[in-house]
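Overview (structure and organization)
Chain by chain, the residues:
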Amino acid sequence: YQRRVHGKAVVSTQSKQWYQRRVHGDRYSSHGRRSGPRRPPVRPLPEEVAALVDEMAADPDDKHMPASVRTAYRCEKEPTGELNRDSLINCINEIALNTPDKEEKVKYEPGVKRGKTFTPVYNESQMAEMDKADAGQVKLDPDEEEALANASVDDIMALADILNTNPQDFVMEAYADPLQYFEPDPPNETNPKEVLEKLKSNDRDCKDVNLNNLGGISEQEFCDIFNTLRNNDNITKFSACNVDLSDFAVQTLCAALDQNSSLKSLSIENNRVSPDALADLFESAASPNNGLLEIRVASQQQEKMGQRVEERIAAAICKNPRLMKAGITLEFKEIVARVSKHMINNMDKLRVTRLKDGVAPGAGVKWTAARTLD
């Protein structure tokens, strides 16, 4: 009275009660309890055994059951002789050819649906989700939608030719998602005059100077700010991006770097500094008197610097034993590979020095205990 479901033996309550009553007689009631004197067992009939086996044949893929009992089909025909595969195939083909096709109630016609058409039914929550999804999609004006729907391939090709674009790109751009709006960064409220006074007084709290996106700073003010770096030993990071920095101010900065060892990071991106001035800056950074570890000078007014200037910059970087990061766009691959290899070696020197000093990897790091479900 067991049957298999998904490979597991499952007991059928009705089959169990039937088996107990059949084998033990009235000694077991319908609830499986003893209810009377014991009677001699009665052997089940073959039909009843077959019915029980058919109930057990619930999983045709169960390898623990014999192949003959995995299905409820029982062939009751007498064998006609030994198996002949060719004659069996011929017989099956003959039966298939002689069996007439079922008559179709509705004749087949291309493009015509036969029977009842399925119409999906949605509840309120599903309709709300569909409306929300439709609202987020891009839709053109009704006239444009109709024009594109009725347009042929030649019409789309002609429109794309007029707009000087690819036909596929033209259709994709027509149904492109709208551009997302991101709030602009808050304006930089740093006062250059206050920064100049703090750098002159060598203020200990003035370690990070950010003059990015500040307009109206004259060349003389930049020269004054850079000259204060000569006697300042507290500043560690200086950034002046998109401030219309000139070559003369950069030359003043190069002279000041020879006397400053506290500055570690310098960023003057998005300015109008010439390639030769950038090469002078890297050559001054290679001086043993400063401690620059990072220089960012990308996106200048003249992007292509030429091989001569790039060779100067690469030679200066390869002479610098401290520089680890350089934000600059180089054109020639051989120079890029040489500069990258040298800066990787500089970073590896730090690791070797740290190991020589006896500092194990990960020393000084405060590890946080893992969070558990409790």
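Scoring rules and cut-offs
Residues numbered from 1 in each chain as written. Predicted model: local features only at pLDDT ≥ 70, side-chain atom pairs only at ≥ 80, totals over all residues. Heavy atoms only, no water. 1 Å grid on protein atoms, 1.4 Å probe; cavity = no way out; pocket = protein on both sides within 12 Å on 5 of 7 lines; lining within 4 Å. Points joined across faces, edges and corners; volume = space filled by probe spheres on them. Nonpolar A, V, L, I, M, F, W, Y, C, P; charged D, E, K, R; others polar. Core = buried A, V, L, I, M, F, W, Y, C linked by side-chain atoms within 4.5 Å. Buried < 20%, exposed > 50% of the residue type's maximum accessible area, 1.4 Å probe, protein only. Helix = DSSP H or I, 4+ residues; strand = E, 2+ residues; numbered from the N terminus. Contact = heavy atoms within 4.5 Å. Patch = residues over 30% accessible without salt bridge, like charges linked within 9 Å, V, L, I, M, F, W, Y side chains within 5 Å. Areas by Shrake-Rupley, 256 points an atom, 1.4 Å probe, with all protein chains shown as cover. Salt bridge = Lys/Arg side-chain N within 4 Å of Asp/Glu carboxyl O. Pairing = 2+ DSSP bridges. Axes fitted to C-alpha atoms, helices over the stretch in contact; angles between N-to-C directions. Lys, Arg positive; Asp, Glu negative; His and termini not counted. Charge placed at Lys NZ, Arg CZ, Asp CG, Glu CD. Parallel < 35°, antiparallel > 145°, perpendicular 65-115°, else oblique. pLDDT = per-residue confidence, 0-100. Phe/Tyr/Trp six-rings, centres within 6.5 Å; stacked < 30°, edge-to-face > 60°.

As for the layout of surface pockets
Approximately 160 Å³ is the volume found for the largest pocket. Q302, E303, K304, M305 and T329 are the residues nearest the centre of the largest pocket, which is lined by 14 residues in total. Each residue belonging to the lining of the largest pocket can be placed in one class, and the counts come to six nonpolar, four polar and four charged.

What about the nonpolar core?
Grouped together as the largest cluster of nonpolar side chains are 49 residues, with contacts concentrated most on L211, F222, F238, L281 and F282. Elements supplying a minimum of two residues to this core: α8 (192-200), α9 (219-227), α10 (247-257), α11 (275-285), α12 (306-319) and α13 (333-356). Those residues in contact with L281 that sit more than four places away from it in its chain are L253, C254, L257, L266, I268, I295 and V297.

What to know about a nonpolar patch on the surface
Nonpolar side chains collect at one region of the surface, where L83, L88 and I92 lie side by side and expose about 330 Å² of accessible area between them. When you line up the elements, L88 lands in helix α3 (residues 85-98).

Section: the sheet that holds strand β3 (residues 208-210)
Taken in spatial order, the five strands make up an open sheet running β3-β4-β5-β6-β7, and their pairing is parallel. Looking along the sheet, the strands with just one partner apiece sit at the ends: β3 and β7 (325-327). Adjacent strand axes in the sheet meet at a mean angle of 5 degrees when their direction is disregarded.

Side note on the pattern of salt bridges
Within the structure shown, the criterion is met by 10 salt bridges. For D244, the salt bridge is made with R272, and the minimal N-O distance between the two is 2.4 Å. With D244 in the loop between β4 (237-239) and α10 and R272 in the loop between β5 (265-267) and α11, this residue pair connects regions lying 28 residues apart in the sequence. Using a relative accessible area of 48% as the deciding quantity, one classes D244 as partly exposed.

Let's talk about a negative patch on the surface
A surface patch of negative charge is lined by D141, D143, E144 and E146. Considering the arrangement of structural elements, one finds E144 in helix α5 (residues 142-150).

Thoughts on the packing of α11 against α12
Interaxial distance between α11 and α12 falls to 8 Å at its minimum, and their mutual angle equals 10 degrees. With respect to α12, the element α11 is oriented roughly parallel. For the pair formed by α11 and α12, the contact residues are P275, D276, A279, D280, F282 and E283 on the first element and R308, V309, R312, I313, A316 and I317 on the second. Residues belonging to the contact of α11 with α12 are distributed by class as follows: seven nonpolar, no polar and five charged.

Some details on unusual backbone geometry
A positive phi is found at N242, a non-glycine position, where the angle reads about 55 degrees. Mapping N242 onto the fold places it in the loop between β4 and α10. Even without being a glycine, N270 presents a positive backbone phi close to 55 degrees. The topology assignment puts N270 in the loop between β5 and α11.

What to know about the confidence of the model for the protein chain
Confidence in the prediction for the protein chain averages 80 pLDDT; 79% of positions are at 70 or higher. Per-element confidence in the protein chain ranges from a low mean pLDDT of 45 for strand β1 (residues 2-5) to a high of 94 for strand β6 (residues 294-296). In the model, residues 1-12 has pLDDT below 50 throughout and makes 29 contacts with residues more than four positions away in sequence or in other chains. With pLDDT under 50 throughout, residues 26-30 is counted as low confidence; its partners more than four residues away or in other chains account for 17 contacts.

Things to note about the packing of aromatic side chains
The geometry of two aromatic rings is summed up by the distance between their centres and the angle between their planes. Under the defined criterion, the tally for this structure stands at two aromatic pairs. With centroids separated by 6.0 Å and ring planes inclined at 25 degrees, the aromatic side chains of F222 and F226 adopt a geometry described as stacked. Note that F222 and F226 are positioned in helix α9 at a spacing of four residues, about one turn of the helix. An identical accessibility class is assigned to F222 and F226; each is buried. Taking the centre distance of 5.5 Å and the plane angle of 65 degrees together, the rings of F226 and F238 count as edge-to-face. In this pair, F226 sits in helix α9 while F238 sits in strand β4, placing the two residues 12 residues apart along the sequence. Take F226 and F238: they sit in the same class, and that class is buried.

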